[in-house]
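# Breakdown of the fold
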Amino acid sequence: MSVSKLITIDPDILGGTPVFKGTRVPLKTLFEYLENDYSLEEFLECFPTVTRENACHVLECSEQALLSPAS
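As a starting point, this report considers the structure included with it. (Residues numbered from 1 in each chain as written. Predicted model: local features only at pLDDT ≥ 70, side-chain atom pairs only at ≥ 80, totals over all residues. Heavy atoms only, no water.)

### Quick look at the overall build of the protein
The condition is simple: A helix here means a DSSP run of H or I that spans at least four residues, while a strand means a run of E at least two residues long, and both kinds are numbered starting from the N terminus. Three exposure classes are used, based on accessible area relative to the maximum for each residue type with a 1.4 Å probe and protein chains only: buried under 20%, partly exposed in between, and exposed over 50%. Each accessible area is a Shrake-Rupley estimate made with a 1.4 Å probe; only the visible protein chains count as cover when residues are assessed.
For the protein, the helix and strand inventory stands at three helices and two strands. Element order for the protein, N to C, with α for helix and β for strand: β-β-α-α-α. Its C-alpha atoms give the protein principal-axis dimensions of about 35 × 30 × 20 Å. Evaluated residue by residue, the protein yields a buried proportion of 27% over its 71 residues. Surface exposure of the protein reaches about 4,900 Å², of which carbon and sulfur atoms provide 56%.

### Some words on the pattern of salt bridges
How we decide: Take a side-chain nitrogen of Lys or Arg and a carboxyl oxygen of Asp or Glu: if they are within 4 Å of each other, that pair is a salt bridge.
Counted according to the given criterion, the structure contains two salt bridges. With its nearest N and O atoms 3.7 Å apart, the salt bridge here joins Lys-28 to Glu-32. With a gap of four residues between them, Lys-28 and Glu-32 both fall in helix H1 (residues 27-35), about one helical turn apart.

### As for the environment of Gly-16
The following threshold applies: Contacts were defined at the residue level, with two residues in contact if any of their heavy atoms lie within 4.5 Å.
Among the secondary structure elements, Gly-16 is positioned in the loop between strand S1 (7-8) and strand S2 (19-20). Spatially, the C-alpha atom of Gly-16 lies 27 Å from that of Ser-68, the residues being 52 residues apart in sequence. In this structure Gly-16 touches Ile-9, Asp-10 and Pro-11, once residues within four positions along its chain are discounted.

### Brief notes about the nonpolar core
How we decide: The set of buried Ala, Val, Leu, Ile, Met, Phe, Trp, Tyr and Cys residues whose side-chain atoms join them within 4.5 Å is what this entry labels a nonpolar core.
Phe-20, Leu-30, Phe-43 and Val-50 are the most contacted members of the largest nonpolar core, which totals 13 residues. Only H1, helix H2 (40-46) and helix H3 (52-67) provide two or more residues apiece to this core. The contact partners of Val-50, leaving out residues within four places of it in the chain, are Phe-20, Thr-23, Val-25, Phe-43, Leu-44 and Ala-55.

### Considerations on the environment of Leu-44
Among the secondary structure elements, Leu-44 is positioned in helix H2. Leave out the neighbours within four places in its chain, and Leu-44 touches Val-50, Thr-51, Arg-52 and Ala-55.

### Examining the side chain of Thr-29
The residue Thr-29 is located in helix H1 in this model. The buried category is assigned to Thr-29, whose relative accessible area is 13%. Among residues more than four places away in sequence, those in contact with Thr-29 are Phe-43 and Phe-47.

Okay, here's the thing in structure tokens:
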């Protein structure tokens, strides 16, 4: 799944902060939850507008971006 189908960056939504598409939930919030030892389940419970599928795809894309060799 392409990143453009997962996230929205729009100056009219939270000042252009990247959010999960169709929500006002910043991507950063997912990473903050995980960094603070919350589970993905807890994140999804707190932000029911984010689907499990989208959260997992964002994590997978992040992993690929971090682990792919530099061009």
